[in-house]
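# Inside the fold
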Number of protein chains: 2
Amino acid sequence: MTRYELLAQTMAAEIRSGNLAPGSRMPSLRQIIAQHGVSQSTATRAYYLLEQWGLVRAEERSGYYVAPPSKPARAVSRATPGDSATVDISELVFSVLDAAKRPGIVPLGSAFPSPLLFPLSRLAKSLGQAARSVSPWSTVVDLPPGNESLRRQIALRYMRVGISQPAEDIIITNGALEALNLCLMAVTQPGDIVAVESPGFYAALQAIERLGLRAVEIPVDTQTGLDLDALAEALDRHPVRACWFMTNFQNPTGVTLSAAKKEALVDLLAKHEVPLIEDDVYGELHYAPNYPPPAMAFDRHGLVMHCGSFSKNLAPGYRVGWASAGRFAARVQRLKLMTTISASIPVQAGIADYLEHGGYERHLKKIRLAMQHQRDAMIEAIRRWLPEGTQYTRPEGGYFLWLTFREPIDAMALHRLAIERSVSVAPGPIFSASHAFENCIRLNYGHPWSPRIDEAIRTLGELLVHPDVRAQS
Amino acid sequence: MTRYELLAQTMAAEIRSGNLAPGSRMPSLRQIIAQHGVSQSTATRAYYLLEQWGLVRAEERSGYYVAPPSKPARAVSRATPGDSATVDISELVFSVLDAAKRPGIVPLGSAFPSPLLFPLSRLAKSLGQAARSVSPWSTVVDLPPGNESLRRQIALRYMRVGISQPAEDIIITNGALEALNLCLMAVTQPGDIVAVESPGFYAALQAIERLGLRAVEIPVDTQTGLDLDALAEALDRHPVRACWFMTNFQNPTGVTLSAAKKEALVDLLAKHEVPLIEDDVYGELHYAPNYPPPAMAFDRHGLVMHCGSFSKNLAPGYRVGWASAGRFAARVQRLKLMTTISASIPVQAGIADYLEHGGYERHLKKIRLAMQHQRDAMIEAIRRWLPEGTQYTRPEGGYFLWLTFREPIDAMALHRLAIERSVSVAPGPIFSASHAFENCIRLNYGHPWSPRIDEAIRTLGELLVHPDVRAQS
């Protein structure tokens, strides 16, 4: 256990003992430093942990206060059987996301990694510096495609993977989700059919719902990824207008397509003239030495629209992503201008400044290593606390893994009961239009390992024998 | 003329004389300060002006360089008669916007005010400060509806206009355009009919086009604003699903609906149960002492979705706006989460910090006064240089006015020829689906008055007699 975890646990015990009443002011950072003989950074991080645990609340420019005791969790309503899948996927997703963001919850169901893994204070420095020095006229000239120096930095990163991507064709967006949505809008009309992964990222299903499109689900094997034969068959049978796939460290399974399969995928789609929207937001979080080249690396027809982001590997909440949209770049750029005009100008400049001066490579090495260790710790806990025969994926990057239980369970019930025990999981049914994968869950290992997480996995093990969780089928 | 304008003109003469070759480095700020005995702020602003004129280019962290001579402007292609209006409004708009953003152009056709009118360095301070002090967990908890302290500040501003708007129902967006688009999506399905103003903001037409909706255009009188009788008739004749109107300092005419008309509008729409998307981005730029209450102030049914922004009055390029979406708030919030997740977290916190500590009221007083003076100077130039009988609006806020020429002209041709003389205007036809208003243009007076702008109006006067501009009809 690190110094700040120890410190946080000491303070947590103090709060739980009732010595500090809800609403009372916690000692200032300075007092903590003096009392415990720790550094400023240790004290700050301890408070962040207490905040995550829901034990204290930060008031801006004032300090930390003891949080009121957490309310009993509201139960998530069970999906009514017979409901149309296209109508209620969003409801399911939102109820799960809402539950996962409550303070005090062990966020195994969250989509976000721990913000403590990011160089937030160095980034803030870059942001302040850039905001001061950016030309006022950039508010006009940095309209799409976006800040030139940022696009140049992104082009340089493509170059390192062997992709020659002119900076002019990179469009800066408010995070990858906007990039993906704009790419989808650029190549579809209401009623069109789009191929997605199953299990796959629920935001793809939500976008399809929202834009009046129809989804064809292509199975994802938890070892080898997307089933290309099934895709080929779907392309033969349906007028598929676009594919939305995640080729590296897929959400939710963590599986990566081999280079050979990526090349075969690109060839197959080129034969059918179908564009690929490639969601590659976890790519930079590879544990092996090199970035697994995305499918875009094999594209010679401009059919791949590659979408990336800094939200998962550098700057969560800054909302900066991009699309390299091949032959559709001009259309995507216009859609961007018509919907949200541009990403925040000082933020674009701030990220560009960080990429140039902030030590991005050093940070990436650190976070990749942290994620890898957290994966190993998570797998160890799974083997310790979950029933024998539980299958898990062992991702080579990112921070999600996918569990398949041997005995049939009701993952929605598990999610609901776990919330009551202050643990969130992402239940399998939110990852497909048909609410399949009822005996699967996705676990987030993007948080520094702690006894609390270990205990949370143990709780899951206990809940698996609960009568509501044991499926009746 | 101010000190910095004088300094900029001296330096401009130096560059135009050829003494400084394109690409050569300009003197540093420190050198300028020493040489000319001016303050840092005067030197900086002089460089900003030179940059606006297209004479120098800023290189980040390096300094200013003499810009290459500007290339001859690409002509904007004429709209082919017979083209469907719904298809090419975007083309027209984009070609006009592209032309207006070129450096060296007098941007009378621009949609943006001069960035020099904003407290950018004070804002940068707030941004840096907020980015450093914001809790890392805000990246999770500030998901829609958004930063709590920012929403509280916005609710306080509503209170000043007599509107009681709970902070919980305010959704922070990437600028007002996103807010407007999300509101439109929240209440329409493809094929639905939406009422818009004519002339009106082209982004409404683009959104309608993009979402597969149909537009009914309601005439706007340049003195009294929206024609309520025409609206009543349209509501009787068509199943209108939503209205998108700008009630204060309308773009492009600058006209404002009286309080009585706003109330009548709200009543009329309530009778028909039709939601109003109220675009009020110029409201804070009122010249009279008080904010003209928006239509939302009269709403008792939660049918008005009021959209605002900091882009026009405080922080251009920061991309922070909001929607108060009445009974549709939950739906708008979910659409936000599904499309771009959230506005940039540190930027939201930065704006909140500025609103609390930066002197917003003082800044607003200054910018309103500046705009009012610029309006008067613009009207004076119009009367001096444009033909007798040219009608102009005299807005009580914002920074757009609307010209109607007595003789029929071809505003697209005027736009094209003006660009060749380094002046941009916004031609009437981009403000309606039917490309009407051929003898109208919108002028932007959002830039500090200068002899260059006066000269630009004179140029327009000269071009009005050009054979391509005199309409053949």
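Read on for an overview of the structure. (Residues numbered from 1 in each chain as written. Chains lettered and ligands numbered in written order. Predicted model: local features only at pLDDT ≥ 70, side-chain atom pairs only at ≥ 80, totals over all residues. Heavy atoms only, no water.)

## Focus: the overall build of chain A
Spelled out, the test is: Numbering goes from the N terminus for both helices and strands, where a helix is a DSSP run of H or I of at least four residues and a strand is a run of E of at least two. Throughout, radius of gyration means the C-alpha value; the globule benchmark is 2.2 Å times the number of residues raised to the power 0.38. With a 1.4 Å probe rolled over the protein chains alone, any residue whose accessible area is under 20% of its type maximum counts as buried; one over 50% counts as exposed, and the rest are partly exposed.
Along chain A, the regular secondary structure elements total 16 helices and 16 strands. Relative to the globule expectation of 23 Å for 473 residues, the C-alpha radius of gyration of chain A, 23 Å, shows essentially globular dimensions. With the C-alpha coordinates of chain A rotated into their principal frame, the extents come out at 70 × 65 × 40 Å. Relative to its 473 residues, chain A shows a buried fraction of 61%.

## Digging into the nonpolar core
The criterion, for reference: The nonpolar core is taken to be a set of buried Ala, Val, Leu, Ile, Met, Phe, Trp, Tyr and Cys residues, with the residues joined through side-chain atoms within 4.5 Å. Two residues qualify as a contact provided that any one of their heavy atoms is within 4.5 Å of a heavy atom in the partner residue.
The biggest cluster of nonpolar side chains holds 185 residues, and the ones touching the most others in it are Leu231, Leu443 and Leu460 of chain A together with Leu231, Leu443 and Leu460 of chain B. Leucine 460 of chain A has contacts with Leu108, Leu386, Leu414, Ala418, Val423, Val425, Ile441 and Leu443 of chain A, leaving out every residue within four places of it along the chain. One finds Phe94, Leu205 and Ala325 of chain A together with Met305 of chain B within the second-largest nonpolar core, a separate group that totals 87 residues.

## What about the relation of the copies chain B and chain A?
This is how it is decided: A least-squares superposition brings the copies together, and it is based on the C-alpha atoms of residues with pLDDT no lower than 70 in both.
Superposition of chain B onto chain A requires a rotation of 180 degrees combined with a translation of 0.0 Å along the rotation axis, giving an RMSD of 0.0 Å. A rotation of that kind, with that shift, is consistent with a two-fold axis. For chain B, the minimum C-alpha distance to the rotation axis belongs to glycine 128 of chain B and amounts to 2.0 Å. A shared binding surface is used by both copies, with 98% of the interface residues of chain B retained as interface residues in chain A.

## Remarks on the packing of helix 14 (residues 360-385) of chain B against helix 16 (residues 451-463) of chain B
Relative placement of two packed helices is described by the angle separating their axes and the distance separating the axes. Residue and element names in this part refer to chain B. Heads up, the rule is: Angular values range over 0 to 180 degrees, each being the angle between N-to-C directions of two axes fitted as lines to C-alpha atoms, with helices fitted over their stretch in contact. For any helix crossing, the convention is left-handed if the near helix is rotated counterclockwise from the far helix by under a right angle, and right-handed if that rotation is clockwise. Charged residues are taken to be Asp, Glu, Lys and Arg, nonpolar residues to be Ala, Val, Leu, Ile, Met, Phe, Trp, Tyr, Cys and Pro, and polar residues to be all remaining types, Gly included.
Two numbers describe how helix 14 lies on helix 16: the axes approach to 9 Å, and their chain directions differ by 35 degrees. Crossing of helix 14 against helix 16: the hand is right-handed. On the side of helix 14, the interface is formed by Met378, Ala381, Ile382, Arg384 and Trp385, while helix 16 contributes Ile453, Asp454, Ile457, Arg458 and Gly461. Counted by class, the contact of helix 14 with helix 16 contains 6 nonpolar, 1 polar and 3 charged residues.

## Re the packing of aromatic side chains
Residues and elements named next belong to chain A. Here is the rule: For Phe, Tyr and Trp, where Trp contributes only its six-membered ring, two rings pair if their centres lie within 6.5 Å, and the inter-plane angle classes them as stacked under 30 degrees, edge-to-face over 60, or tilted in between.
For the coordinates displayed, the defined rule picks out 23 aromatic pairs over all chains. Ring geometry for phenylalanine 310 and tryptophan 322: centres 5.2 Å apart, planes at 45 degrees, overall tilted. Note that phenylalanine 310 is positioned in the loop between strand 10 (304-309) and strand 11 (321-324) and tryptophan 322 in strand 11, a separation of 12 residues in sequence. As far as the burial class goes, phenylalanine 310 and tryptophan 322 line up, both buried.

## Notes on the interface of chain B and chain A
It is common to give the size of an interface as the accessible area lost on bringing the parts into contact. Using the following cut-off: When two parts are brought into contact, each loses some accessible area as probed by a 1.4 Å sphere; the total of that loss over both is the buried area. Every case where a carboxyl oxygen of Asp or Glu lies within 4 Å of a side-chain nitrogen of Lys or Arg is listed as a salt bridge. Polar contact is the term for a pair of N or O atoms within 3.5 Å; when the atoms are in protein, one must be able to donate a hydrogen and the other to accept it, and sequence-neighboring residues count only if both atoms are side-chain atoms.
If you look at the interface, chain B gives 55 residues, while chain A gives 55 residues. Three residues stand out in chain B for area buried against chain A, namely Arg61, Trp137 and Met338 of chain B, and they jointly supply 14% of the buried area on that side. On the surface where chain B and chain A come into contact, there are 0 salt bridges. Seen at the junction of chain B and chain A, the total is 18 residue pairs in polar contact (both at pLDDT 80 or more). Examining the composition of the side of chain B that touches chain A, we find that 7 residues originate from one element, helix 5 (residues 120-133) of chain B, more than from any other. Here the residues of the side of chain B that touches chain A sort into 27 nonpolar, 17 polar and 11 charged.

## Regarding the sheet that holds strand 16 (residues 440-444) of chain A
Backbone-to-backbone hydrogen bonds join strands into a sheet, with any given pair of strands oriented parallel or antiparallel. All names here are of chain A. For clarity, the threshold we go by: The pairing criterion for strands is at least two bridges between them, as found by DSSP.
With antiparallel pairing, the 4 strands of this open sheet are ordered in space as 12-13-16-15. Edge positions in the open sheet fall to strand 12 (391-392) and strand 15 (426-427), since each of these has one partner strand only. Note: strand 13 (residues 400-404) against strand 16, 5 bridges, orientation antiparallel. Within strand 16, the residue paired with leucine 401 across the bridge is leucine 443. Here helix 14 (residues 360-385) sits on the sheet and contacts strand 12, strand 13 and strand 16; the angle it forms with strand 13, its principal contact strand, is near 15 degrees.

## Focus on the sheet that holds strand 7 (residues 225-226) of chain A
Residues and elements named next belong to chain A. In spatial order, the strands read 4-11-10-9-8-5-6-7; together these 8 strands make up an open sheet with mixed pairing. Each of the sheet's edge strands pairs with one partner strand only, and the pair in question is strand 4 (170-173) and strand 7. Across 2 bridges, strand 6 (residues 214-221) lies against strand 7 in antiparallel orientation. Residue pairing for strand 7: valine 220 is matched across the bridge by leucine 226.

## Comments concerning the environment of leucine 401 of chain B
All names here are of chain B. Within the element layout of this structure, leucine 401 appears in strand 13 (residues 400-404). By relative accessible area, which is 0% here, leucine 401 ends up buried. Considering only alpha carbons, one finds leucine 401 and asparagine 444, 43 residues apart in sequence, at a separation of 6.7 Å. Dropping the residues within four chain positions of it, leucine 401 is found in contact with Pro252, Thr253, Met378, Ile379, Ile382, Thr393, Pro395, Ile441, Arg442, Leu443 and Tyr445.

## Structural notes on unusual backbone geometry
Glycine aside, negative phi is the norm for most residues, and most peptide bonds take the trans geometry. Residues and elements named next belong to chain B. Following serine 198, the chain continues to proline 199 via a peptide bond in cis, the omega torsion being 0 degrees. The topology assignment puts proline 199 in the loop between strand 5 (193-198) and helix 9 (202-210). Phi is positive for serine 422, which is not a glycine, with a value near 65 degrees. Within the element layout of this structure, serine 422 appears in the loop between helix 15 (411-420) and strand 14 (423-424). In this model, histidine 435 sits at a positive phi of 60 degrees, which is unusual for a non-glycine residue. Along the chain, histidine 435 falls in the loop between strand 15 (426-427) and strand 16 (440-444).

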